[in-house]
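Notes for the structure review
Okay, here's what each chain looks like letter by letter:
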Amino acid sequence: MKKIDILLWNFKELFVLSNYKRDKKTILFGAWFGNKFADNSRFLYQYLSKNKVQLGLNHIVWVTRNRAVYEELRDNGYEVYMMDTPESIQFHRKAGIHILCNGSNDDLRAPGADLLGRYSLGAVKTNLWHGLCGIKGFGFSSNEYLNKKREKPIWAYFKELIHRNAFFRKAFACFGGWGDCYFLSTTKEITHFFMEATFFPEENFIETGYPRNYTTSFLLPRERCFVESIDKYNVKILYLPTFRDNACEFIPPLNDPVIIDWLKSHGAVWIEKGHDADKLNMLSVSNAMDNVVRLKSSFEISILMDKVDLLITDYSSAMYEALFVNIPVIYYVPDLEHYGSSDRGFMQSTDQFMVGPKAKNGMELEQLLNQFVIDKKSAFLPNYRDVKNKAWGECKNIEQIWNDICYRCFGEEML
């Protein structure tokens, strides 16, 4: 029934759009289901807003469902609207380019996409995404989908038929034609993984850099204050676990007194943030310590990546962000075997993407932390540089990234 709803809506929009003229110099942005000012969408939006006059653009618009985000952006001089207001809908229909970084499937019964994607038909649509592919499975490459495919092969056949065909993707996959958008990648290898997960053809991918890797001149006042507040610590550790479908074998590292004692004795700060899709709580039970900081969901983590000394993670694509700025990585993976076989699963062998040592419990993590304090090089495996090159390729600044997007979408450099 939902596919019929999508087809009927998209067909109706073809007639409605005859009353509107898309302006490719008006660009509409959203992120993280309309709840956050974050990620690749945010930093490209800030770059274009800052350089709007020089680039000859008319409007750079952010839309959100979050009142706090709206007020912060408005107070900092950005053009922003609440998602369902008449002004927002007007720009949805006017903007020639729609850009998001996560959810594009705009369910009419329970809206939750980054934008009101139902109004995107006729616009050039680009998904900047929010993490490099190649670690855990998602979409058509996840264990969840592969298991369901074995149980329901006929259902899977028709689902894949829709997503492998450009016309069906535009008509049936998502409201507003988001089933056939442009998609940001970084290298041929990363594009290959994305193709496995999405069934998009290679021509849908824009291979360039990630805007969120260029944050220096775009910090908000509250973010600058936080960065300054952690300078006093000897060691700054960032802990970013990914989400799980089943956490039966996972124990958060701060639940081990050994790690708590280590932090106290080394004058270290532990900064942690859960994944937005985490419903099982991968973080510690309590963070009631001066040198343990649990960041809010809305905090933009990329601004910290070059401010910390060490990243501790598991199967999160955040490790790629650490590689970009040459930060060492330690993997805390008490459920390594379980995750690979019974949870999301991996798109490649862990030896092919893990670039640092692994700890399966608090004692092993303490030993690795002690080694790191003595010699930071202990957290770099020989494959570090190779994995970095495969993930990021040629380093590009944010102006070059925008140039690549324009060239791929419009066949011209800069609008």
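Let us look at the structure shown here. Everything numeric here is computed off the predicted structure, so don't read it as measured data. (Residues numbered from 1 in each chain as written. Predicted model: local features only at pLDDT ≥ 70, side-chain atom pairs only at ≥ 80, totals over all residues. Heavy atoms only, no water.)

Things to note about the overall build of the chain
Using the following cut-off: Helix and strand definitions here come from DSSP, where helices need a minimum of 4 consecutive H or I residues and strands a minimum of 2 consecutive E residues; each element is numbered from the N-terminal end. The buried label goes to any residue with under 20% of its type's maximum accessible area, the exposed label to any with over 50%, and the partly exposed label to all in between, with areas taken from a 1.4 Å probe on protein chains only. Residue contacts follow a heavy-atom distance rule, with two residues in contact if any of their heavy atoms lie within 4.5 Å. Here the open area of atoms and residues is found with the Shrake-Rupley method and a 1.4 Å probe, where only the protein chains shown may cover a residue.
The helix and strand tally for the chain stands at 17 helices and 13 strands. In terms of principal-axis extent, the alpha carbons of the chain reach across some 65 × 50 × 40 Å. Of all 415 residues assigned to the chain, the portion counted as buried reaches 58%. Taking as baseline every contact in the chain between residues at least 6 positions apart, the subset at least 24 positions apart corresponds to 72%. Working note: accessible area of the chain is about 18000 Å², and carbon and sulfur atoms make up 53% of it.

A word on the sheet that holds strand β2 (residues 59–64)
The strands that make up a sheet pair up through hydrogen bonds in the backbone, lying either parallel or antiparallel. We count it as follows: Between any two strands, at least two bridges found by DSSP are needed for them to pair. Axes here refer to lines fitted to C-alpha atoms; in helices the fit is confined to the stretch in contact. Angles between the N-to-C directions go from 0 to 180 degrees.
Across the sheet, which stays open at both edges, the 7 strands sit in the order β3-β2-β1-β4-β5-β6-β7 with parallel pairing between neighbours. Looking at strand neighbours, the two that pair on one side only are β3 (80–82) and β7 (205–207), the edges of this open sheet. Sheet twist, expressed as the average angle between the axes of neighbouring strands with direction ignored, equals 25°. Sheet analysis places strand β4 (residues 95–100) next to strand β5 (residues 124–127), joined by 4 bridges and oriented parallel. Bridging from a neighbouring strand, His98 pairs with Lys125 of β5. Each of β1 (23–29), β2 and β4 is contacted by helix α2 (residues 39–50), which is oriented at about 150° to β2, the strand it contacts most. Along the sheet, helix α4 (residues 67–75) makes contact with β2 and β3, crossing β3 at roughly 155°.

Observations regarding the sheet that holds strand β8 (residues 235–240)
Pairing in this open sheet of 6 strands is parallel, and the strands run β10-β9-β8-β11-β12-β13 from one edge to the other. Each edge of the sheet is formed by a strand with only one pairing partner; in this case those strands are β10 (292–294) and β13 (358–359). For β8 and strand β9 (residues 268–272), the ladder comprises 5 bridges, and the chain directions are parallel. Bridging across to β9, Ile237 finds its partner in Trp270.

With respect to a nonpolar patch on the surface
Formally: By definition, no residue in a patch forms a salt bridge, and every one has over 30% relative accessible area; like charges are joined within 9 Å, nonpolar side chains (Val, Leu, Ile, Met, Phe, Trp, Tyr) within 5 Å. Criterion for a salt bridge: a side-chain nitrogen of Lys or Arg within 4 Å of a carboxyl oxygen of Asp or Glu.
A grouping of Ile154, Tyr157, Phe158 and Leu161 is seen on the molecular surface, where their side chains present a nonpolar patch of about 450 Å² in accessible area. With respect to the secondary-structure elements, Tyr157 resides in helix α7 (residues 153–164). In this structure Tyr157 comes out as exposed when scored by relative accessible area, which is 52%.

Here we look at the side chain of Asn40
Secondary-structure assignment places Asn40 in helix α2. Excluding its chain neighbours within four sequence positions, the residues that come into contact with Asn40 are Leu128, Trp129, His130, Tyr210, Pro211 and Arg212.

Thoughts on the pattern of salt bridges
Scanning all chains against the criterion turns up 16 salt bridges. For Asp39, the salt bridge identified is with Arg212, shortest N-O distance 2.6 Å. Taken as a pair, Asp39 in helix α2 and Arg212 in the loop between β7 and α10 (221–229) lie far apart in primary sequence, 173 residues in all. A salt bridge links Lys376 to Asp309; the shortest N-O distance between them is 3.9 Å. Taken together, the residues span a long stretch of sequence, with Lys376 in the loop between α15 (362–374) and α16 (384–392) and Asp309 in the loop between β10 and β11 (310–313) at a distance of 67 residues.

Let's talk about α15
Heads up, the rule is: In this scheme, a helix's expected span is set at 1.5 Å multiplied by one less than its residue total. Here a polar contact is taken to be a pair of N or O atoms separated by no more than 3.5 Å, where protein atoms must pair a possible hydrogen donor with a possible acceptor and residues adjacent in sequence count only if both atoms sit in side chains.
The first and last C-alpha atoms of α15 sit 19 Å apart over 13 residues, in line with the 18 Å expected at 1.5 Å per residue. Tucked inside the fold, the buried residues of α15 contact β8, α11 (257–265), β11, β12 (329–332) and β13. The N-cap of α15, judged by a side-chain oxygen 3.1 Å from the amide nitrogen of Met363 a few residues on, is Asn361.

Quick look at the nonpolar core
To keep it simple, the criterion reads: Note on terminology: a nonpolar core comprises buried Ala, Val, Leu, Ile, Met, Phe, Trp, Tyr and Cys residues joined through side-chain atoms within 4.5 Å.
Leu48, Leu304, Met319 and Trp402 are the most contacted members of the largest nonpolar core, which has 108 residues in total. Beyond its immediate stretch of four places on either side in the chain, Met319 contacts Ile135, Leu311, Thr313, Val329, Tyr331, Phe353, Val355 and Val387. If you look at the next biggest cluster of nonpolar residues, it comprises 23 residues, including Val292, Leu310, Ile330 and Leu368.

What to know about the packing of α2 against helix α17 (residues 398–410)
Keep this limit in mind: Here roughly perpendicular refers to angles of 65 to 115 degrees, roughly parallel to angles under 35, roughly antiparallel to angles over 145, and oblique to all remaining angles. Classification convention: Asp, Glu, Lys, Arg as charged; Ala, Val, Leu, Ile, Met, Phe, Trp, Tyr, Cys, Pro as nonpolar; all other residues, Gly among them, as polar.
At a minimum axis distance of 11 Å, the contact between α2 and α17 shows a crossing angle of 95°. As far as their axial angle goes, α17 and α2 are roughly perpendicular. Where α2 approaches α17, its residues Phe43, Leu44, Tyr47 and Leu48 are matched on the opposing element by Ile398, Glu399, Trp402 and Ile405. In terms of residue class, the contact of α2 with α17 is built from 7 nonpolar, no polar and 1 charged.

A few points about the environment of Val308
When you line up the elements, Val308 lands in the loop between β10 and β11. When its relative accessible area of 5% is taken as the criterion, Val308 is described as buried. Residue contacts for Val308: discarding those within four places in its chain leaves Lys236, Leu238 and Ile327.

A word on the packing of aromatic side chains
Cut-off, in case you're wondering: Aromatic pairing here means that ring centres of Phe, Tyr or Trp (its six-membered ring) are within 6.5 Å. Orientation follows from the plane angle: under 30 degrees is stacked, over 60 is edge-to-face, and everything else is tilted. Only when the NZ of Lys or the CZ of Arg is both within 6 Å of the ring centre and within 35 degrees of the ring normal is a charge said to sit over the ring.
Under the criterion given, the structure shown has 30 aromatic pairs. Between the aromatic rings of Trp32 and Phe33, the centroid separation amounts to 6.1 Å while the plane-to-plane angle is 80°, which identifies the pairing as edge-to-face. Residue Phe33 is classed as partly exposed on the basis of its relative accessible area of 35%. Summarising the aromatic geometry, the rings of Phe140 and Phe199 are spaced 4.2 Å apart at their centres and angled 15° between planes, so their arrangement reads as stacked. Of this pair, Phe140 sits in the loop between β5 and α6 (143–151) while Phe199 sits in the loop between α9 (188–198) and β7; the two residues are 59 residues apart in sequence, bridging distant segments of the chain. These aromatic residues form a ring-pair network of at least three members: Trp129, Phe138, Phe183, Phe194, Phe200 and Phe205. The aromatic ring of Trp32 is capped on one face by Lys36, whose charged end is 4.5 Å from the ring centroid. The ring of Trp155 is capped by Lys148, whose NZ or CZ atom sits 4.6 Å from the centre of that ring.

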